[in-house]
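Listed below, chain by chain, are the residues.
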Amino acid sequence: MVLQDAVITRADNACELCKSTSDTEVYMVPESPDDTAGCAILTCDICRAQLEGEAELNPVHWRCLNDAMWSTTLAVQVVAYRLLSRLSTEAWAQDALDMMYLDDDAKTWAEAGLIERDATLDSNGTALETGDNVHLVKDLNVKGAGFTAKRGTPVRGISLCDNPLHIEGKVNGTRIVIIAAYTKKS
């Protein structure tokens, strides 16, 4: 009860992620270093269902992370980092993730709760990471944009997709999904 009261008081009885006041409940952040109020957050039923995997992530709902990521509560920052990482295929989420800062201990805690994924590999089998620069190794017809991305075209600051076979990047000012095997790390 002490933990619950401390979290509710800190959060002013509102979800610490989206600020909703309906059906709030204490959520213990997975992979936490201890069981104190500093490792728990107050969440609404909508946020909690998506955090626990009972509902699919709704990117529109999680736009609230643009504010939550600046919370002074470390547990809120950790959950925001994890959610932004899971939503990194959304341009706004990737931008927020790029702006976010966590010290080394907090980042270790945040990354401990992320789901491991298969590596995204380029045409040479080199592992790609978010922010890498690549170039195309073949001409790609970009459907819906009306142009062909020519071989050798640089793609700077890529982001990874949920599918480890794909990456996202801007070509000719248009953000597109690219098959990772058609690129080479620069």
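Below: a short report on this structure. (Residues numbered from 1 in each chain as written. Predicted model: local features only at pLDDT ≥ 70, side-chain atom pairs only at ≥ 80, totals over all residues. Heavy atoms only, no water.)

Let's talk about the packing of aromatic side chains
Each pair of aromatic rings is reported with the distance of its centres and the angle of its planes. Taken as a whole and judged by the stated rule, the model has zero aromatic pairs. Here the guanidinium or amino end of Lys138 rests over the ring plane of Tyr182, the centre of that ring lying 4.5 Å away. (Phe/Tyr/Trp six-rings, centres within 6.5 Å; stacked < 30°, edge-to-face > 60°. Lys NZ or Arg CZ within 6 Å of the ring centre and 35° of its normal.)

Some details on the pairing of strand 10 (residues 166-171)
With two bridges connecting them, strand 9 (residues 159-160) and strand 10 associate as antiparallel partners. Residue pairing across strands places Ser159 opposite Glu168, the latter belonging to strand 10. Joining the antiparallel neighbours strand 9 and strand 10 is a turn of five residues. Of the strand pairs in this sheet, strand 10 and strand 11 (residues 174-179) are connected by six bridges, and their pairing is antiparallel. Each bridged residue has a counterpart across the sheet, and for His166 the counterpart in strand 11 is Ile179. Between strand 10 and strand 11, which pair antiparallel one after the other, the connecting turn spans two residues, and Asn172 there sits at a positive phi close to 55°. (Pairing = 2+ DSSP bridges. Helix = DSSP H or I, 4+ residues; strand = E, 2+ residues; numbered from the N terminus.)

Quick word on the packing of helix 4 (residues 74-86) against helix 6 (residues 104-112)
Two elements in contact, helix 4 and helix 6, have axes whose closest approach is 9 Å; the angle formed by their N-to-C orientations is 50°. Relative to helix 6, the element helix 4 is oriented oblique. Considering how the two elements wind past one another, helix 4 and helix 6 form a crossing that is right-handed. Counting all contacts with helix 4, which are made through Leu74, Ala75, Val78, Tyr81 and Arg82, the residues of helix 6 involved are Ala106, Lys107, Trp109, Ala110, Glu111 and Ala112. Classifying every residue of the contact of helix 4 with helix 6 by side-chain character gives eight nonpolar, no polar and three charged. (Axes fitted to C-alpha atoms, helices over the stretch in contact; angles between N-to-C directions. Parallel < 35°, antiparallel > 145°, perpendicular 65-115°, else oblique. Left-handed = near helix turned anticlockwise from the far one by under 90°. Contact = heavy atoms within 4.5 Å. Nonpolar A, V, L, I, M, F, W, Y, C, P; charged D, E, K, R; others polar.)

Without other data, these values stay purely geometric and don't point to any function.
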